[in-house]
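# Observations on the model geometry
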Amino acid sequence: MDFEPSRESVILRDRVRAFVRDEILPAEIALARTLGGDWTRWAVPPEVDALKAKARAAGLWNLFLPEVSKLANVEYAPIAEEMGRSFLAPEIFNCNAPDAGNMEVLEKYGTEAQKVQWLTPLLAGEIRSVFCMTEPDVASSDATNVSASIKEDGASLVLNGKKWWTTGLGHPRAKIAIFMGVSDPDGHRHSRHSMVLVPLDTKGVCIKRMLSVFGDYDPPYGHGEVWFEDVRVPKENVIAGLGRGFEIAQGRLGPGRIHHSMRAIGAAERALALMIERAIARTAFGKPLVNLGGNRERIADLRIAIDQARLLTLYAAWRLDKVGALAALAEISAIKVAAPNVLQQVIDEAIQIHGGAGVSDDVPLAAMFAAARVLRIVDGPDAVHRGLIARAELAKYEAR
Ligand SMILES: Cc1cc2nc3c(=O)[nH]c(=O)nc-3n(C[C@H](O)[C@H](O)[C@H](O)COP(=O)(O)OP(=O)(O)OC[C@H]3O[C@@H](n4cnc5c(N)ncnc54)[C@H](O)[C@@H]3O)c2cc1C
């Protein structure tokens, strides 16, 4: 086992770190205030486009994609950590969810025509995409429950169903959806589903409403409820072939969970730094906060927790590189539980040290807390991952 980052990885990590520090963080607070909460403004601030152009010109672009960056997951992980320090950074480097996962799907499973039409503009950051799996009417943490329908009709596919929590649906450049539905109701539970590309301006695609997260509509991305009502697309829009939706969903989430977890570690480092700076700078009862009632121990425990989560994530990334997503399922689930929980714990303590300021918009902690809490639900809730880990663990005993 060797988690020593390669030379290439270190060089890129340091350049991303400097870009986040020098270019993105100074812009972040102003942009957060422009974007935050004002859900009528589904517009991209010009500063974001300027930063994206700068990152692209610097070659810090699409680093998540091995076919572009030539980086293994274990090499990309420290770079993703740096991006996690700012909520803006993943988009600036064109490495944000859900676009990164959608680009991976197109790169891995798309036809040449699909790549030319959708992957090329996504890689250029010119358009945005959404992923439509979760449904309001079924427990979607079990992907086999997904019930929207895909029916063949001559040269077309006809799609019907309700989707929600579609991230990015409010973005003015969102052009394409990956839609998951049932194409073979009588098939095996893991081969009943397919994924289909649906341009968002297709007749029958109806955005019903945007959903708030802890009261914030998260512009300009947003999370929407969208209904598909007799939506007709050519059969060529199916990805990889009918019946392969579940397989694609599994493949999509392996690297995505490494990215989420490493970004969570980066965010946790930022929260810990904010906590320590505040604890040193502010005085109560005649002492700096850091020297009051157990705060030093809290800082030590958080350092231990972050370092443990980082090592576990690097281990999962290393396993993913060595044995592939299926064989590394338990390790990937483990970090999907560990990293968001550590992040939530660190931010919670950082908020506490900040007192009232911690829950205001003067520091980014409140928004970070909401993101951490959400991370424990998206891409599989904690309980589902714990179930998978327990199953793998117990299987070792069944053999005896
Ligand atoms: C901000 C945000 C963005 C999102 N973005 C997207 C997106 O872009 N595209 C998309 O398709 N979806 C997206 N989602 C949806 C997300 O992936 C789902 O919410 C998640 O998979 C859980 O599905 P569910 O909401 O149907 O919960 P359910 O499946 O109803 O589960 C609810 C709860 O039941 C419990 N539970 C479920 N299974 C088990 C188990 N095996 N053992 C014990 N307890 C269990 C857990 O406590 C779980 O949290 C997003 C969600 C949020 C909040």
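Residues numbered from 1 in each chain as written. Predicted model: local features only at pLDDT ≥ 70, side-chain atom pairs only at ≥ 80, totals over all residues.

Regarding its fold elements, the chain presents twelve helices and nine strands. The C-alpha radius of gyration computed for the chain amounts to 21 Å, which stays within 12% of the reference 21 Å derived for 400 residues, consistent with globular compactness. (Helix = DSSP H or I, 4+ residues; strand = E, 2+ residues; numbered from the N terminus. Rg over C-alpha atoms; globule rule 2.2 N^0.38 Å.)

Along its sequence, the chain is organised into domain 1 (7-96), domain 2 (129-242) and domain 3 (246-398). With centres defined by C-alpha atoms, the gap from domain 2 to domain 3 works out at 29 Å. Counting residues at the interface gives 13 residues for domain 2 and eight residues for domain 3. A per-class count over the side of domain 2 that touches domain 3 returns eight nonpolar, four polar and one charged. (Domains from an automatic or database assignment. Contact = placed C-beta atoms within 7 Å. Nonpolar A, V, L, I, M, F, W, Y, C, P; charged D, E, K, R; others polar.)

Our next topic: unusual backbone geometry. Put simply, Ala 97 and Pro 98 share a cis peptide bond, and its omega is 0 degrees. Along the chain, Pro 98 falls in the loop between α5 (89-92) and α6 (99-109). In the segment running from Pro 219 into Pro 220, the intervening peptide bond is cis, with an omega of 5 degrees. A positive phi is found at Ala 240, a non-glycine position, where the angle reads about 70 degrees. As for its position among the elements, Ala 240 is in the loop between β7 (223-234) and α8 (245-281). The residue Phe 285 is not glycine, and still its phi comes out positive at about 50 degrees. We classify Phe 285 as exposed; it has 8 C-beta atoms within 10 Å. (Buried ≥ 20, exposed ≤ 12 C-beta atoms within 10 Å, placed from the backbone.)

Once that is clear, we can look at the site of the ligand. Around the ligand, the structure places 22 residues, and the nearest of them are Met 133, Ala 139, Ser 141, Pro 381 and Ala 383. Taken together, the elements giving at least two residues each to the shell around the ligand come down to β1 (128-132), β3 (156-167) and α12 (382-398). For the shell around the ligand, a count of residues per class yields 13 nonpolar, eight polar and one charged. Built from parts of two domains, the shell around the ligand gets at least three residues from each of domain 2 (129-242) and domain 3 (246-398). (Near = placed C-beta within 6 Å.)

We now examine α12. Because each turn of an α-helix spans 3.6 residues, side chains separated by three or four positions in sequence point in the same direction. With 17 residues, α12 should cover 24 Å at 1.5 Å per step; its first-to-last C-alpha distance of 24 Å lies within 8% of that length. α12 sits mainly on the outside: one of its 17 residues count as buried. (Expected span 1.5 Å × (residues − 1).)

Generally speaking, soluble globular proteins have nonpolar side chains that are buried together. Grouped together as the largest cluster of nonpolar side chains are 105 residues, with contacts concentrated most on Leu 63, Phe 93, Phe 179, Val 196, Ala 271, Leu 343 and Ile 347. Residues in contact with Leu 343, not counting those within four places in the same chain, are Ala 264, Ala 267, Ala 268, Ala 372 and Leu 375. (Core = buried A, V, L, I, M, F, W, Y, C linked by C-beta atoms within 7 Å.)

The next thing to look at is the packing of α8 against helix α11 (residues 365-375). Where α8 meets α11, the axes come as close as 11 Å, and the angle between the chain directions of the two elements is 150 degrees. Here α8 is positioned roughly antiparallel relative to α11, judged by the angle of their axes. For the element pair α8 and α11, the recorded crossing hand is left-handed. The residues of α11 that touch α8, namely those facing His 260, Ala 264, Ala 267, Ala 271 and Leu 274, are Leu 365, Met 368 and Leu 375. The class makeup of the residues in the contact of α8 with α11 is seven nonpolar, one polar and no charged. (Axes fitted to C-alpha atoms, helices over the stretch in contact; angles between N-to-C directions. Parallel < 35°, antiparallel > 145°, perpendicular 65-115°, else oblique. Left-handed = near helix turned anticlockwise from the far one by under 90°.)

Within helix α7 (residues 112-123), the full set of buried residues consists of Trp 118, Leu 119 and Leu 122. For α7, the buried positions fall inside an angular range of 90 degrees around the axis, keeping them on one side. More than 90 degrees from the buried face of α7, the exposed residues found are Glu 112, Ala 113, Val 116 and Thr 120. Along its buried surface, α7 packs onto α6, β1, β4 (174-182) and β5 (193-199). Trailing α7 by a residue or two, Gly 125 shows a phi angle of about 75 degrees, which is positive. (Arc of directions from axis to C-beta.)

All right, on to the environment of Met 180 then. Within the element layout of this structure, Met 180 appears in strand β4. When the C-alpha positions of Met 180 and Thr 134 are compared, they lie 8.7 Å apart, and in sequence the two are 46 residues distant. Residues in contact with Met 180, not counting those within four places in the same chain, are Cys 132, Met 133, Val 146, His 193, Met 195, Gly 245 and Ala 249.

On to the environment of Met 368. Structurally, the position occupied by Met 368 is in helix α11. We classify Met 368 as buried; it has 24 C-beta atoms within 10 Å. Along the sequence, Met 368 and Ile 347 sit 21 residues apart, while their C-alpha atoms lie 7.3 Å from each other. Discounting chain neighbours no more than four positions away, the residues touching Met 368 are Ala 267, Ala 271 and Ile 347.

The geometry of α6 relative to α7 is characterised by a closest axis approach of 10 Å and an angle of 145 degrees between their N-to-C directions. Note that α6 runs across α7; the crossing there is left-handed. In this structure, α6 uses Asp 99, Asn 102, Met 103, Leu 106 and Glu 107 to contact α7, whose residues at the interface are Gln 114, Lys 115, Trp 118, Leu 119, Leu 122 and Leu 123. Grouping the constituent residues of the contact of α6 with α7 by class yields six nonpolar, two polar and three charged.

For the rest of this paragraph, the subject is the pairing of β7. Summarising the sheet, β3 and β7 pair through nine bridges and their orientation is antiparallel. Pairing of Lys 162 across the sheet is with Trp 227, part of β7. Direction of pairing for strand β6 (residues 205-211) relative to β7: antiparallel, over a ladder of six bridges. Residue pairing in the sheet places Met 210 in a bridge with Gly 224 of β7. (Pairing = 2+ DSSP bridges.)

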